[in-house]
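Tertiary structure, described
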Amino acid sequence: MGVRTIEVPLNRVEGDLEIRVAVADGRVVDAWSAGTMFRGFERMLVGRAPMDGLVITPRICGMCSTGHLYTAARALDDLTGVAVPPDAVRVRNLALMAENLQSDIRHAFLLFAADFANAAYERQPLYAEAVRRYAPLAGSAAAAALRESRKLLEIIAILGGQWPHSSFMVPGGVASVVGPIEYLQCRHVLTRFRNYYESDVLGCSLERIASLRCAGDLDAWLDEEPAHRDSELGFYVRFARATGLDGIGRGHGELISYGSLDIPEGSAVSAPDRGRQLVPAGIVGDGGALPFDQREISEHIAHSWLVGYEGGMHPSTGVTEPYATGAEGDRYSWCKAPRYAGRAAEVGPLAEALVAGHPLVTDLVARHGGPNVFVRHLARLLRAATLLPAMDTWLSELGKDAGGLVVHDVKLRDGEGVGLGEAARGALGHWLRVEAGRISRYQVITPTAWNGSPRDAADVRGPWEQALCGTEVGDLDNPVAVGHVVRSFDPCLVCTVHALDAGNGKSKGRLRI
Amino acid sequence: MNSASASVRIICIGNRLVAGDDLGPCVYDWLARYPLPEHWRLIDGGLQGLNLLGSVDGARRVVFVDALTGVAPSRAIRVSRKRALGGDPRHFDHGAGLSYLLRAMAVGCDEPPPAWSVVGAAGPAAAAVVQAVAALALSEAARPVRRCRRTAARNLSNTPG
């Protein structure tokens, strides 16, 4: 059996994640996801003033900085017990939703679909069309994604001053000074994006897509109008089926949503479960649907280059103490292994859709006996059908509430706070403790920590480690399917993938796929 | 004046906290001391990467200032288009850099892409080097834009804009 090392180019600083894949008889038999860079944001915050998290944590990431600001602010809301005014909830929500949607289309058409133009598919009848749509910087969909994602981000700049790394969300609301003129500007931006999404991505209205409830409906929709087949969604369905994306990348089959996007009192927006959040919280998996309790979260470090403790610790009590000498044996990552009730679980749009009981997504997962690359990415493309109408409504509701945009003179105090939300890639949480007016503990669990987690104390693989197992690697020189599996999770970091021989464990070099 | 109405923009990019990548920010700091002509705008591009499309859109001419590698140190240089667009910048990731942005300008802007040039120097950002690069940036910014229709193809060619 040959040994190859594969690089999978993705966003974020190059080289801070490696995936090693053992291949035997043309299939992945094992995988290891290694975070190769220690960043230490949590440690930076210790000893600082509580509000410093609003400036520092958005800089954890340049693609989901609003997600971090949102959860950092919610942790401070929780610490202080302040009730955020309804319009401030709307402004926060709009900013987070704009960031999530622009990330979705950048990921979809600049990262994920770029693999469809891989030479591995030259004999695929749909290859020429894939190149026309997704060739980097030349494809029609790629160019549109660049233009439209950039424009949508103007909503965050209008409401919050800048993107990325804005700090306008504060405990008790937002520090924005915005009014009818700014809301109108946002309306222009949102209208433009919705028009793009409906015409280019969906080929139909958001309402039409939301009416699809099962695989049969999807098939009928595909053949209903040329615009449907020719849309990005229509092409994706056709290409995915032709290339078997619905047969790879299952993972453990456990999924979590923390819940996100509080619905303000009196809003016309309603949640799918009639709850108080547009994106409900919950767990789905082989054990069925369960309510979510953040107290069940733990972080393992058995295979991490961190000072040891046995088993897992809740983020409110855990620490992040790096320790590596190069002789740690089977420790292989700077990342911790988040677990829920001891189980590895994936997060992201698929988790959100299943927890919310999205009928089409639920049906497709059931038909295939669990998640797969096709439905995981499909859920991402369908997310806009949930978010855009709510954005439209909340934008219309702004300025009609007398509560203002912020509660003044919020008193920070000693104690603990938890901020949870759904960033672009899924569940994001900040756990904060303040003692003597200073941050004494700060833990962050990102969605990619969940999805790209290493093994835990029981040697259970992380979600995409597990999802890679069984993936067929037809051409060791160009294992494009490995890229599909990892990218279906939308990792927020550059990933270098090494393929190892299952027998001798040696690596020959690097391949770019 | 905001960037949207400035037809000439000097965008200084780099990381002021990293020696060897701080030339752009140093040039920005130098130029920020002085008034610029009307309809010019000086922008601290930092590490914004693709987000600089917003700072480029609507301009007629853009000059990028950046630290260089692979050239003799301490000389202010106008980078050839071929070199500026070189490498394999097709992929959208953090390693794509300025070359990706330059290519993305052709497809990612609402307005016709601007004429552009890249200036910089290699080596430490010593005061004399910073001033020389700043002077070159101003010279580039003052170049007239050709009155023929700018097309995406021309902006990706080696023809000086």
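Fair warning: this is a prediction, and the values are worked out from it, not measured in the lab.

Quick notes on the rules
- Residues numbered from 1 in each chain as written.
- Chains lettered and ligands numbered in written order.
- Predicted model: local features only at pLDDT ≥ 70, side-chain atom pairs only at ≥ 80, totals over all residues.
- Heavy atoms only, no water.
- Helix = DSSP H or I, 4+ residues; strand = E, 2+ residues; numbered from the N terminus.
- Expected span 1.5 Å × (residues − 1).
- Buried < 20%, exposed > 50% of the residue type's maximum accessible area, 1.4 Å probe, protein only.
- Contact = heavy atoms within 4.5 Å.
- Core = buried A, V, L, I, M, F, W, Y, C linked by side-chain atoms within 4.5 Å.
- Axes fitted to C-alpha atoms, helices over the stretch in contact; angles between N-to-C directions.
- Parallel < 35°, antiparallel > 145°, perpendicular 65-115°, else oblique.
- Left-handed = near helix turned anticlockwise from the far one by under 90°.
- Pairing = 2+ DSSP bridges.
- pLDDT = per-residue confidence, 0-100.

1. Comments concerning helix α4 (residues 97-108) of chain B
Residue and element names in this part refer to chain B.
- Counted at 1.5 Å a residue, the expected span for α4 with its 12 residues is 16 Å, and the 15 Å between its end C-alpha atoms agrees.
- With nine of 12 residues buried, α4 is to be regarded as a mostly interior element.
- Residues of α4 that are buried include every one of L98, S99, Y100, L101, L102, A104, M105, A106 and G108, and no others.

2. Re the environment of L69 of chain A
All names here are of chain A.
- As for its position among the elements, L69 is in helix α3 (residues 65-80).
- Measuring from C-alpha to C-alpha, the distance between L69 and D30 comes to 36 Å, with 39 residues separating the pair along the chain.
- With residues near it in sequence (within four places) discarded, L69 still touches L54, P58, S166, S167, F168 and M169.

3. Quick word on the nonpolar core
- Among the nonpolar cores identified, the biggest contains 159 residues, and F109, F116 and Y197 of chain A together with F64 of chain B are the most heavily contacted of them.
- For this core, the element with the highest residue contribution is helix α4 (residues 86-112) of chain A, accounting for 13 residues.
- With residues near it in sequence (within four places) discarded, F64 of chain B still touches I11, V56, L98, L101, L102, M105, W116, S117, V118 and V119 of chain B.
- Ranked by size, the runner-up nonpolar core spans 19 residues in total, among them V8, V27, A67 and V129 of chain B.

4. A look at the packing of helix α6 (residues 140-152) of chain A against helix α8 (residues 180-202) of chain A
Residue and element names in this part refer to chain A.
- Closest axis-to-axis distance for the α6/α8 pair is 9 Å, and the angle between their directions is 150 degrees. Viewed along their axes, α6 and α8 adopt a mutual orientation that is roughly antiparallel. Crossing geometry of α6 relative to α8 is assigned as left-handed. Counted together, A144, A145, R147, E148, K151 and L152 of α6 and V189, R192, F193, Y196 and D200 of α8 form the full contact between these two elements.

5. Details of the sheet that holds strand β9 (residues 312-313) of chain A
Residues and elements named next belong to chain A.
- An order of β9-β8-β10 is seen for the three strands of this open sheet, with the pairing classed as antiparallel. The open sheet has two edge strands with one neighbour each: β9 and β10 (337-340).
- Here four bridges tie strand β8 (residues 297-300) to β10, and the two strands are oriented antiparallel to one another. Along β10, the bridge assignment pairs S298 with R339.

6. So, the pairing of strand β11 (residues 415-423) of chain A
Residues and elements named next belong to chain A.
- In terms of strand pairing, β11 meets strand β12 (residues 426-435) through nine bridges, oriented antiparallel. Paired with E422 across the bridge in β12 is A427.
- Joining the antiparallel neighbours β11 and β12 is a turn of two residues.

7. Section: the confidence of the model for chain A
- Predicted confidence across chain A gives a mean pLDDT of 90, with 92% of residues reaching 70 or more.
- Here residues 494-503 of chain A scores under 50 on pLDDT; set against residues more than four positions off or in separate chains, the count is 65 contacts.

8. Some words on the environment of W305 of chain A
Residue and element names in this part refer to chain A.
- Note that W305 resides in the loop between β8 and β9.
- With 20 residues separating them in the primary sequence, W305 and T325 have C-alpha atoms 8.7 Å apart.
- Beyond its immediate chain neighbours, meaning those up to four positions away, W305 contacts G35, E321, P322, Y323, A324, E328, R331, Y332, S333 and W334.

9. Focus: the sheet that holds strand β5 (residues 115-122) of chain B
Residues and elements named next belong to chain B.
- Read across the sheet, five strands follow the order β2-β1-β3-β5-β4 without closing on themselves; strand pairing throughout is mixed. Every other strand in the sheet has two partners, leaving β2 (40-46) and β4 (77-79) as the edge strands with one partner each. Neighbour-to-neighbour, the strand axes of the sheet open up by a mean angle of 35 degrees, direction not taken into account.
- Across five bridges, the pairing between strand β1 (residues 8-13) and strand β3 (residues 61-73) is parallel. Along β3, the bridge assignment pairs R9 with V62.
- Along the sheet face, α4 touches β1, β3 and β5 and points at about 150 degrees away from the line of β3.

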